[in-house]
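Okay, here's what each chain looks like letter by letter:
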Amino acid sequence: MKKTIRLIGVPMDLGQNHRGVDMGPSAIRYANLSDALIRLGYEVHDAGNLPVPQRYVLERIDKVSLYTAVQEGCKLVHLATCGAMQAGVSPIFLGGDHTMAIGSISGLLTCGDSVGVIWFDAHGDSNTPETSPSGNIHGMSLAVLLGHGHKELVHVGDKGPKLKPENVVLVGVRNLDNGEKKLLNDLGIHIFTMREIDERGMGKVMQDALHQLRDCNCLHVSLDMDCLDPQVAPGVGTPSPGGISFREAQLAMEIIADTDRCCSIDIVEINPILDQGNKTGRLAVSLVESLAGKTIL
Ligand SMILES: [Mn+2]
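My aim in this report is to walk through the structure given alongside it, one point at a time.

Reading the values: rules and limits
Residues numbered from 1 in each chain as written. Predicted model: local features only at pLDDT ≥ 70, side-chain atom pairs only at ≥ 80, totals over all residues. Heavy atoms only, no water. Disulfide = S-S within 2.5 Å. Helix = DSSP H or I, 4+ residues; strand = E, 2+ residues; numbered from the N terminus. Buried < 20%, exposed > 50% of the residue type's maximum accessible area, 1.4 Å probe, protein only.

1. Here's the deal with the state of the cysteines
Then comes step 1: Under the criterion given, the structure shown has two disulfides.
Then comes step 2: The residue that forms a disulfide with cysteine 82 is cysteine 111, at a sulfur-sulfur distance of 1.9 Å. Between cysteine 82 and cysteine 111, the S-S dihedral sits near 75°, and the bridge is therefore right-handed. One end of the pair, cysteine 82, is in helix α3 (residues 63-87); the other, cysteine 111, is in helix α4 (residues 100-111), and 29 residues separate them in sequence.
Then comes step 3: Residue class for cysteine 82 comes out buried when judged on its relative accessible area of 8%.
Then comes step 4: With a relative accessible area of 32%, cysteine 111 lands in the partly exposed category.
Then comes step 5: Disulfide pairing is shown between cysteine 218 and cysteine 263; the S-S distance is 2.2 Å. Linking cysteine 218 and cysteine 263, the disulfide has an S-S dihedral of approximately -75° and is accordingly described as left-handed. Of this pair, cysteine 218 sits in strand β7 (residues 218-224) while cysteine 263 sits in strand β8 (residues 262-268), and the two are 45 residues apart along the sequence. With respect to class, cysteine 218 is no different from cysteine 263; both count as buried.
Then comes step 6: We note that cysteine 227 lacks a disulfide partner, and the nearest cysteine sulfur, in cysteine 262, lies 14 Å from it.

Structure follows, in structure tokens:
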């Protein structure tokens, strides 16, 4: 991470139906993210929350208005990302649902260095409007970044696809719909499933993930908290059993930190209403600490 970190809150909750994920930025702040980073020697500027469209001010909730509002929000995130790149600081985005990554990652790829993305998730987030069983946009964000799906979202920032399939890896996956399985396989995306983590261990999996991204100058960690097992991260909207353990997650972050190439982070899908005493918010902060270089010794 750069010497100066900019916290950017993105209270987006339009990509899914569980209310409460818009309070994610508060949950992470209340878990003292700023102080934790200052203790590690960083200068921290909190830029507050971006004025992304909120569900309660939309005149109507239907497919068209949701896509338009998500596009509007992602454009703000894209601009904020480019602002952070120009200022030479590392942005940490406090979500919000995973649709915000359309803005952060498109911004990094448009305005930043050569970027590799490590996408931690229980799900593939690679549906299109045609393949999605639920229609929820947060399950489409990776597909959008790869150039597939709703045009309004694909063209956020610059026109066309932003992310090259070889510059992203998925880690912690255990829940894929048939349509996204096909898209991810067709594109040749490297997916490190829970089975692979079980069989080979997180250490080896992360070494392979980083080898795939060896030519990228900057690594962006898009951390969907539902990648973790619901027993350690209960405060998420779409929990999926059989996830990454507390130590496996810390180890993954520590190994990424060892590369000295982590430049930016999304923390998404924390839902404080479903959480137990901000357990998931506190866990997110401890994972960011590891990513920012905190070591046991
Ligand atoms: Mn996700």
